Amino acid sequence: MTKTQQKAFVLGWPIDHSRSPLIHRFWLKKYNIKGKYKRLAVPPDMFGTSFLALHEKGYCGGNITIPHKVRAMEFVDEADLMARTIGAVNTVHFRDGKIFGSNTDGYGFITNLEDQAPRWQAASTSAVVLGAGGGARAVLAALLAKGVQKIYLANRTLEKAKQLEKLFGNRIETVDWQQRSQILGHAGLLVNTTSLGMTGKPALEINLEKLPPGAIVTDLVYTPLETRLLKNARKNGFTTVDGLGMLLHQAVPGFELWFGVCPKVTGKLRNHIIADLVAAS
Ligand code: NAP
């Protein structure tokens with residue numbers, strides 16, 4: 001089988017909402033590759049058997065999404081440093097009779113930040129991160145790897161933030177969820193990794209008054225594209241970075257592994273996904 005006939009997947013439950021097929025099929029067309037990228041709906045109790053059969057079925061790899069990302073760690077032969085740090089796999093590659101797992105969410109987060117706010121590192125010796133779920137793990141790992149000195153972490157369930165403080169070490173300091181507006185004086189970078197502000201979820205209540213001038217505000221939520229947090233921040237003169245770019249950039253390493261071409265995240269791809277988000281809203 002040549003590279004141009006490769007077949008990849010996105011596996012989750014449910015899977016209809018996933019935009020990954022739109023992204024990868026856009027690139028397959030753009031680079032004139034005769035590959036395939038399929039949605040696979042697999043319920044949690046079927047994950048192990050279904051996942052392990054995919055290589056036999058001719059797949060060369062794929063994406064793993066909610067709710068299987070943590071579980072997938074048990075089934076890969078080798079996980080890269082980011083996947084081990086985060087404790088979850090979102091990209092797999094079948095090669096030499098082995099399953100290689102990686103996590104590209106942190107890469108997607110940082111690449112998006114660098115793309116949309118190139119001076120972010122100068123502004124961000126310290127950051128405030130809201131949330132302590134899967135997205136937060138990727139963001140924390142990526143920011144620490146980039147040398148951010150101090151990260152204040154606020155989460156509704158304090159215990160979960162404490163667990164991450166323990167996991168990631170003393171550059172993380174947990175703060176009470178109620179203190180989230182008060183600690184913004186420390187934030188060159190503010191990151192919302194909670195699902196608050198997403199269409200159908202409650203809004204993120206936060207007062208940006210204490211945020212220093214020049215701070216950058218970013219949201220992992222990308223439905224709506226401009227969340228209330230980003231809108232407020234923009235109106236108050238802060239640089240804002242939306243979450244769609246993270247989704248696009250996290251797809252790049254997988255596509256290169258499976259199809260042999262390093263794809264570009266372009267305005268055209270972005271508009272293609274935005275059109276779909278708008279149609280679905
Ligand atoms: P998750 O693991 O389920 O974590 C959800 C987080 O939101 C937790 O910190 C949770 O706090 C918090 N939360 C939920 N409801 C809340 C409420 N009413 N008040 C306060 N906090 C609340 O989810 P995830 O995978 O990290 O995803 C979080 C968001 O990021 C989702 O909107 C997801 O779509 C988005 N995301 C985007 C990308 C991207 O590529 N742009 C990538 C990953 C995730 P508790 O711990 O207290 O429950």
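Residues numbered from 1 in each chain as written. Predicted model: local features only at pLDDT ≥ 70, side-chain atom pairs only at ≥ 80, totals over all residues. Heavy atoms only, no water.

## Examining the overall build of the chain
So the rule is basically this: Secondary structure elements follow DSSP: runs of H or I of four or more residues count as helices, runs of E of two or more count as strands, with numbering from the N terminus. In this treatment the radius of gyration is a C-alpha quantity, and the globule benchmark scales as 2.2 Å times the residue count to the 0.38 power. Any pair of residues with heavy atoms lying within 4.5 Å of one another is described as a contacting pair. The protein chains shown are the only cover counted for residues, whose accessible areas, like all others here, come from Shrake-Rupley with a 1.4 Å probe. Positive charges come from Lys and Arg alone, negative charges from Asp and Glu alone, with His and the N- and C-terminal ends not counted. Where a charge lies is defined by one atom per residue type, namely NZ (Lys), CZ (Arg), CG (Asp) and CD (Glu).
A tally of regular secondary structure across the chain gives eleven helices and twelve strands. Its C-alpha atoms give the chain a radius of gyration of 19 Å, near enough to 19 Å, the size a compact globule of 281 residues would have. Along the first, second and third principal axes, the C-alpha atoms of the chain reach 55 × 40 × 35 Å. Sequence separation of at least 24 residues holds for 66% of the intrachain contacts in the chain that already meet a minimum separation of 6. Total accessible area on the chain stands at roughly 13300 Å², and carbon and sulfur atoms take up 52% of it. For the chain, the distance from the average site of its 35 positive side-chain charges to the average site of its 22 negative ones is 5 Å.

## Overview of the pattern of salt bridges
The cut-off we apply is this: The salt bridge definition used is simple: a Lys or Arg side-chain nitrogen within 4 Å of an Asp or Glu carboxyl oxygen. Burial classification: accessible surface area is computed with a 1.4 Å probe over protein chains only, and a residue below 20% of its type maximum counts as buried, one above 50% as exposed, and the rest as partly exposed.
In total, this model carries ten salt bridges according to the counting rule given. In this structure, Glu114 and Lys146 form a salt bridge, with 3.4 Å as the shortest nitrogen-oxygen distance. With Glu114 in helix α4 (residues 105-116) and Lys146 in the loop between α6 (134-145) and β8 (150-155), this residue pair connects regions lying 32 residues apart in the sequence. Given a relative accessible area of 31%, Glu114 falls into the partly exposed group. Residue Lys146 is classed as partly exposed on the basis of its relative accessible area, which comes to 36%.

## Some remarks on the packing of aromatic side chains
Note the threshold: Working definition: a ring pair exists when centres of Phe, Tyr or Trp rings (six-membered ring for Trp) sit within 6.5 Å. Plane angles under 30 degrees give stacked, over 60 give edge-to-face, the rest tilted. Only when the NZ atom of a Lys or the CZ atom of an Arg is both within 6 Å of the ring centre and within 35 degrees of the ring normal do we say a charge sits over the ring.
Throughout the structure, instances matching the rule amount to eleven aromatic pairs. Aromatic pair Phe47 and Phe51: ring centres 5.3 Å apart, planes at 10°, arrangement stacked. Of this pair, Phe47 and Phe51 both sit in helix α2 (residues 47-52), four residues apart, which is roughly one turn of the helix. Given a relative accessible area of 0%, Phe47 falls into the buried group. For Phe51, a relative accessible area of 1% gives the class buried. Over the ring of Tyr59 we find Lys7; its NZ or CZ atom is 4.4 Å from the centre of that ring. Between the NZ or CZ atom of Arg180 and the centre of the ring of Trp177, over which it lies, the distance is 4.3 Å.

## Focus on the nonpolar core
So the rule is basically this: Here, nonpolar core refers to any group of buried Ala, Val, Leu, Ile, Met, Phe, Trp, Tyr and Cys residues whose side-chain atoms link them within 4.5 Å.
Phe109, Trp120, Val129, Leu140, Leu143, Ile151 and Leu189 are the most contacted members of the largest nonpolar core, which has 31 residues in total. Only α4, β7 (126-130), α6, β8, α7 (158-168) and β10 (189-192) provide two or more residues apiece to this core. Setting aside residues no more than four positions away along its own chain, Leu189 makes contact with Leu113, Trp120, Ser124, Ser126, Ala127, Val128, Leu143, Ile216 and Thr218. Core analysis: the next-biggest nonpolar cluster, separate from the first, contains 21 residues, Phe26, Trp27, Cys60 and Leu248 among them.

## Quick look at the packing of α6 against α7
In plain terms, the rule: Inter-axis angles, ranging from 0 to 180 degrees, are taken between N-to-C directions of lines fitted to C-alpha atoms, where helices are fitted over the stretch in contact. Take the far helix as your reference; a near helix turned counterclockwise from it by less than a right angle gives a left-handed crossing, and one turned clockwise gives a right-handed crossing. Lys, Arg, Asp and Glu make up the charged group, whereas Ala, Val, Leu, Ile, Met, Phe, Trp, Tyr, Cys and Pro make up the nonpolar group; the residues left over, Gly among them, are polar.
Their axes nearest at 12 Å, the elements α6 and α7 cross at an angle of 30°. In the packing of α6 onto α7, the handedness of the crossing is right-handed. Contact residues: α6 offers Ala136, Arg137, Leu140, Ala141 and Leu144, while α7 offers Leu164, Leu167 and Phe168. Partitioning the contact of α6 with α7 into residue classes produces seven nonpolar, no polar and one charged.

## A few points about unusual backbone geometry
With an omega of -5°, the peptide bond running from Trp13 to Pro14 counts as cis. Looking at the secondary structure, you find Pro14 in the loop between β1 (7-12) and α1 (20-30). We note that Asn32 has phi near 55°; this positive angle belongs to a residue other than glycine. Secondary-structure assignment places Asn32 in the loop between α1 and β2 (36-41). Relative accessible area serves as the criterion here: at 64%, Asn32 is assigned to the exposed category. The phi dihedral of Asp96 falls on the positive side, at around 55°, and the residue is not glycine. With respect to the helices and strands, the residue Asp96 is situated in the loop between β5 (91-95) and β6 (98-102). The exposed category is assigned to Asp96, whose relative accessible area is 70%.

## Observations concerning the pairing of strand β9 (residues 172-176)
To keep it simple, the criterion reads: Strands pair, by our definition, only if DSSP identifies at least two bridges between them. Here is how to tell: hold the view so the strands point away, follow the path from the first strand over the helix to the second, and if it runs clockwise the crossover is right-handed.
Where β8 and β9 come together, five bridges link them in parallel fashion. From the neighbouring strand, Ile151 faces β9, where its bridge partner is Ile172. Note on the crossover from β8 through α7 to β9: the handedness is right-handed.

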